[in-house]
Amino acid sequence: MQKRVNIKNSKVRKSPAPLMRIINILEVISIKERPLSSADISYFTSIPKSSVHRLCNMLVDENYLTQDPQSKGFYPALRSRNVAVGLLANSQLYIVRHEIMRELSKKTGETCNLAVPDIDGMRYIDRVETNWPLRFQFPIGASVPFHCTASGKMFLSSLKKHTLNNFLDNIDFSEEVSQSIQNKDSLLQIIKQTRSQGYGEDDEDFFTGMIALSVPVYNNKNYFYASLSLQAPKQRLTIEQAREFLPELRHASKRLQTLLFSHNT
């Protein structure tokens, strides 16, 4: 039997107000690692299943939720993710988190990113730009592909075998820049190497002339939460030179983990 979500008194408080019901539904969906069915949500929130189904369909229509076509489970859509990014950007934690990244950027001399997995790629939730005039710019909120970026490879390496294989079956390799990633088999080898070495690399896989190096940030349950990476033009920093900054990246990752999740232990 499934355990109830550990929110407040082991489950979300039952509320007759439609607005609070919507908030409770979004809260439960946000903390689960899989799409939730109407029955799941009803169980975790104590909201009647018929009401859950109606409210979730309304949230789908408004682009706050998406429904998986196979499992029929619900998961966050674009507007929910935008709200989450905005809340993070305006929290006190954001100020300290950004300072950790700013210090990392100062030590490496390059742009540093924090990206989390999203539906269509790794989504930037924070970024500190280098002062160099030559740089690659991606705005906060932008998404980049999973399979040809350092942050994306780091995320893929955290997936279990069955989930990873299903995921890779849906990747289109036709527009791949890298000569080393031409199909599923070649990508699987790179993911295996990423998992073994504990960091992800992008040596002109995503953009010609750009390199990136990424390390994982784990949550308090040791599950993958985000990728912390540095990014630079190859003419200024080679991938071999970037590896020299791995100690700084890993130290910053540990600091971020402590900052973001120590209060949840």
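Everything that follows concerns the structure shown earlier in this document.
### A word on the sheet that holds strand E5 (residues 143-144)
Here 6 strands make up an open sheet; going across it, the order is E5-E4-E3-E8-E7-E6 and the pairing antiparallel. Only two strands of the sheet have a single neighbouring strand rather than two, namely E5 and strand E6 (200-203). Contacting strand E3 (111-117), strand E7 (210-218) and strand E8 (224-233), helix H10 (residues 246-261) crosses the sheet at an angle of about 40° to E7.

### Notes on the layout of surface pockets
Considered as a void within the structure, the second largest pocket measures approximately 210 Å³ in volume. Lining the second largest pocket we find 13 residues, and of these Gly198, Val215, Pro216, Tyr218 and Ser253 sit closest to its centre. Listing elements by their share of the lining of the second largest pocket, those giving two or more residues are E7 and H10. It is H10 that provides the largest number of residues to the lining of the second largest pocket, a total of 4 residues.

### A closer look at the packing of aromatic side chains
The tally for this structure, following the rule as stated, stands at 7 aromatic pairs. Their ring planes at 35° and their centres at 5.4 Å tell us that Phe146 and Phe155 sit as a pair that is tilted. We classify Phe155 as buried; its relative accessible area is 13%. Between Phe155 and Phe167, the ring centres sit 6.5 Å apart and the planes meet at 75°, which makes this aromatic pair edge-to-face. Of this pair, Phe155 sits in helix H6 (residues 150-156) while Phe167 sits in helix H7 (residues 161-168), and the two are 12 residues apart along the sequence. By the ring-pair criterion, three or more aromatic residues cluster together here, those being Phe146, Phe155, Phe167 and Phe224. We note Arg127 situated over the ring of Tyr124; from NZ or CZ to the ring centre the distance is 5.7 Å.

### Considerations on the nonpolar core
General note: in soluble globular proteins, nonpolar side chains tend to be found buried as a group. Within the largest apolar cluster, 26 residues are counted, with the highest numbers of intra-cluster contacts made by Leu114, Ile211, Leu213, Leu228, Leu230, Leu237 and Leu249. At the level of elements, helix H5 (92-108), E3, strand E4 (122-128), E7, E8, helix H9 (239-242) and H10 are the ones that each hand at least two residues to this core. For this core, the element with the most residues is H10, which contributes 5 residues. Once residues within four sequence positions are removed from consideration, Leu249 is found in contact with Leu104, Leu213, Val215, Leu228, Ser229 and Leu230. Counting 23 residues, the second-largest nonpolar core is a separate cluster that includes Met122, Val144, Leu187 and Ile191.

### Brief notes about the pattern of salt bridges
Counting across every chain of the model gives 13 salt bridges. Residues Arg79 and Glu62 are paired through a salt bridge, measuring 3.5 Å at the closest nitrogen-oxygen approach. Note that Arg79 is positioned in helix H4 (residues 78-89) and Glu62 in the loop between helix H3 (49-61) and strand E1 (65-67), a separation of 17 residues in sequence. A residue is classified by how much of its surface remains accessible, and Glu62, at 43% relative accessible area, is partly exposed. Residues Arg123 and Asp118 are paired through a salt bridge, measuring 3.6 Å at the closest nitrogen-oxygen approach. For the pair Arg123 and Asp118, one class covers both residues: buried. Each of Asp203, Glu204 and Lys234 takes part in salt bridges that share partners, so that together they form one network.

Each value, and the rule that gives it
Residues numbered from 1 in each chain as written. Predicted model: local features only at pLDDT ≥ 70, side-chain atom pairs only at ≥ 80, totals over all residues. Heavy atoms only, no water. Pairing = 2+ DSSP bridges. Helix = DSSP H or I, 4+ residues; strand = E, 2+ residues; numbered from the N terminus. Contact = heavy atoms within 4.5 Å. Axes fitted to C-alpha atoms, helices over the stretch in contact; angles between N-to-C directions. 1 Å grid on protein atoms, 1.4 Å probe; cavity = no way out; pocket = protein on both sides within 12 Å on 5 of 7 lines; lining within 4 Å. Points joined across faces, edges and corners; volume = space filled by probe spheres on them. Phe/Tyr/Trp six-rings, centres within 6.5 Å; stacked < 30°, edge-to-face > 60°. Buried < 20%, exposed > 50% of the residue type's maximum accessible area, 1.4 Å probe, protein only. Lys NZ or Arg CZ within 6 Å of the ring centre and 35° of its normal. Core = buried A, V, L, I, M, F, W, Y, C linked by side-chain atoms within 4.5 Å. Salt bridge = Lys/Arg side-chain N within 4 Å of Asp/Glu carboxyl O.

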